[in-house]
Amino acid sequence: MAPSQADTGSKLLGTGGITSFEGSAGGGISPWALIAGYASKEEIAATANIQNLSAGEYKLNSYGFAVGAYDTFEFSLQKQSLDVSSGVVSNVFNLLTGAPTPALVAPSTQIEQSIVGLKYNLYGDAIFSESPYLPQIAIGIQYKKNHDFNQSLALHDGSVPIPKTGVPALLGAKDSSGTDFYVSATKVWLGALKGNNLLLNATARYTKANTFGLLGFGSQTDDSYDLEWAASIAMFSGTNTIIGAEYRQQTNRLGGLAKTDNVTDFFITYLPSKEWSITAAIVDLGNLPFQPDSSGFYLSITANL
């Protein structure tokens with residue numbers, strides 16, 4: 001068995017999926033059962049990605065890498081940074097604390113999070129299967145650490161410094177870290193749509209994350225794990241493009257300003273070769289603090305190494 005060579009691996013174009021914003025191979029907002037890269041069962045491959053999501057007063061930048069081994073194992077590491085405008089932070093702080101005067105803050109506040117992911121191909125092959133109906137099934141975990149849970153804000157009221165606090169803690173989140181557990185089932189039908197390939201995916205996730213963990217984990221009133229579902233549909237056309245849509249549930253634990261909504265996206269991916277993929281999407285995040293309609297543009301670039 002040997003690592004993949006310069007051709008980046010033996011699997012078909014597009015069968016490594018794209019890179020989710022949490023680092024796992026799949027769609028933009030949810031993992032699929034596919035393993036990152038184009039490595040076959042005798043190969044090892046790696047990917048690197050950079051991503052940006054702009055939604056009004058919020059901007060999410062992320063980057064990371066993933067390693068796929070023998071079309072069975074996947075390891076990923078992703079770093080996320082959410083930029084929150086100073087106006088939103090001031091409004092949140094003043095409303096929740098009853099500050100009599102506007103709190104002075106930095107021009108913007110960053111919430112950073114690291115995600116370590118592991119995925120194991122438990123059963124089947126999404127494309128080459130003895131049954132036209134049995135999917136590929138993978139299990140995975142994502143450990144998430146919010147680095148700015150309770151110390152992202154350096155505030156003062158004009159004269160008196162206020163002890164550092166953080167947006168997630170301020171909104172009522174309980175913990176700075178958490179682990180998501182998920183199962184994904186993915187099936188690809190070759191030539192199913194007038195010669196184009198069709199992919200369907202379903203993912204069940206067990207999690208305590210608030211807004212993917214960017215607003216912490218659990219709350220003072222609800223610290224339980226919840227089952228959340230995600231689904232994807234995508235068409236692989238003959239012009240090196242993938243067109244699809246996704247849906248992902250989120251549990252509302254914090255309520256109030258941080259009421260959490262389900263997420264949807266519509267995306268198109270262009271794969272000029274096995275070395276590169278470029279994904280653009282329209283994403284609807286629903287409610288975010290002081291921004292009840294948080295739709296925006298998502299761009300992701302993945303390199304297959």
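Calculation criteria
Residues numbered from 1 in each chain as written. Predicted model: local features only at pLDDT ≥ 70, side-chain atom pairs only at ≥ 80, totals over all residues. Heavy atoms only, no water. Phe/Tyr/Trp six-rings, centres within 6.5 Å; stacked < 30°, edge-to-face > 60°. Helix = DSSP H or I, 4+ residues; strand = E, 2+ residues; numbered from the N terminus. Buried < 20%, exposed > 50% of the residue type's maximum accessible area, 1.4 Å probe, protein only. Salt bridge = Lys/Arg side-chain N within 4 Å of Asp/Glu carboxyl O.

Trainee: Tell me what's going on with the packing of aromatic side chains, and back it up with residues and numbers.
Mentor: Inspection of every chain in the model, using the stated rule, returns five aromatic pairs. For the pair F65 and F75, a centre-to-centre distance of 6.1 Å together with 55° between the ring planes defines the contact as tilted. Residue F65 is found in strand β4 (residues 58-69), and its partner F75 is found in strand β5 (residues 73-85); the two are separated by ten residues along the sequence. Here F65 falls in the partly exposed class, since its relative accessible area comes to 35%. Residues Y206 and Y225 carry aromatic rings whose centres are separated by 5.0 Å and whose planes lie at 25° to one another, so their mutual orientation is stacked. A residue pair is termed long-range when its members are at least 10 positions apart, and Y206 in strand β12 (residues 196-207) and Y225 in the loop between β13 (217-219) and β14 (226-236) qualify at 19 residues.

Trainee: So, the pattern of salt bridges: which residues are in play, and what are the values?
Mentor: For the structure on display, the rule yields 13 salt bridges. Ionic pairing is found between R253 and E228, a salt bridge with its closest N-O pair at 4.0 Å. Separated by 25 residues along the polypeptide, R253 in the loop between β15 (241-248) and β16 (263-273) and E228 in strand β14 bring together distant segments of the chain. By relative accessible area, R253 is classed as buried at 5%. Taken together, the salt bridges that share partners define one network made up of E22, K144, D180, R205 and R248.

The quantities given are spatial measurements derived from coordinates; they are silent on function.
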